[in-house]
Amino acid sequence: MENPENNLSFIPILTVFLSGLFGLLVAVVTWNLASKREKEKFKQDLKLRELKEKEELYISILSSLDKTVRFTKIGKDYVELYNDFTFITAKSQLLATESINKKFSEISDILYVWSSKYKQSLPKKVGGTDFGIVTNLDNEHREKADEIYPELIKSINELVALIKKELNYLKNEIKK
């Protein structure tokens, strides 16, 4: 007859083996979950950085448009805007959506025509003085500039709406 003690001797070994296997399984599952959590956090941080970068870009775009309009109205030279505008345009081409770049380009064209007409309508300086002369031609240019200005403002407002829409979309993507 068989000894019952011989049949039970493998139970402690089996218990140790199963405990070790379970511990290994817990470690693998914990590592996998932590890895997924880190990947999700990385993706969320990346989306947040993209949002911040685009917010800064869009603020720069709107600010440069506003400065250009203000500089035009007071007859100030655009020298200090050229470098900023070039940088903003290049950055926009890389980071902004196609619809925003298209609207920005459209606004730039309208702004060029409006600012040219507006500047031509400003009084011409006499010599080196602060005195200016206004002619009938100046009035024609001002009338044309005044016709274009509402279209410029409308296009800028459309750009603002596009920007808000994109930023809201990006914010909602971060929350997911």
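Residues numbered from 1 in each chain as written. Predicted model: local features only at pLDDT ≥ 70, side-chain atom pairs only at ≥ 80, totals over all residues. Heavy atoms only, no water.

Asker: Any chance you could break down the nonpolar core for me, citing the residues and the numbers?
Answerer: The tendency in soluble globular proteins is for nonpolar side chains to be buried as a group. Judged by nonpolar contacts, the single largest core of 25 residues is most densely connected at Tyr58, Ile61, Leu65, Trp114, Leu152 and Leu159. If you list the elements that add at least two residues to this core, you get α2 (10-74), α4 (98-121) and α5 (136-175). Of the residues forming this core, the biggest block, 9 residues, is contributed by α5. If sequence neighbours within four positions are ignored, leucine 65 has contacts with Phe104, Ile107, Leu111, Ile156 and Leu159. (Core = buried A, V, L, I, M, F, W, Y, C linked by side-chain atoms within 4.5 Å. Buried < 20%, exposed > 50% of the residue type's maximum accessible area, 1.4 Å probe, protein only. Helix = DSSP H or I, 4+ residues; strand = E, 2+ residues; numbered from the N terminus. Contact = heavy atoms within 4.5 Å.)

Asker: An account of the packing of aromatic side chains is needed here, citing residue identities and associated values.
Answerer: Enumeration over the complete set of coordinates arrives at 3 aromatic pairs. Relative to tyrosine 149, the ring of tryptophan 114 lies with its centre 5.4 Å away and its plane at 45 degrees, an arrangement referred to as tilted. One end of the pair, tryptophan 114, is in helix α4; the other, tyrosine 149, is in helix α5, with 35 residues separating them in the sequence. For tyrosine 149, a relative accessible area of 24% translates into the label partly exposed. Positioned over the ring face of tyrosine 78 is lysine 119, at 4.4 Å from the centre of the ring. (Phe/Tyr/Trp six-rings, centres within 6.5 Å; stacked < 30°, edge-to-face > 60°. Lys NZ or Arg CZ within 6 Å of the ring centre and 35° of its normal.)

Asker: Please set out the environment of valine 113 residue by residue, giving values where relevant.
Answerer: With respect to the helices, strands and loops of the structure, valine 113 is situated in helix α4. Under the relative-accessibility criterion, valine 113 is labelled partly exposed at 39%. The sequence separation of valine 113 and leucine 152 amounts to 39 residues, and the corresponding C-alpha distance is 9.8 Å.

Asker: Which residues make up the side chain of lysine 103, and what values do they have?
Answerer: On the secondary structure map, lysine 103 appears in helix α4. The class of lysine 103 is buried, set by a relative accessible area of 11%. Looking at lysine 103, its side chain comes within polar contact range of the side chain of glutamate 106, at 3.1 Å. Apart from residues lying up to four places away in sequence, lysine 103 is in contact with Ser155, Glu158, Leu159 and Leu162. (Polar contact = N/O pair within 3.5 Å; in protein donor to acceptor, adjacent residues only side chain to side chain.)

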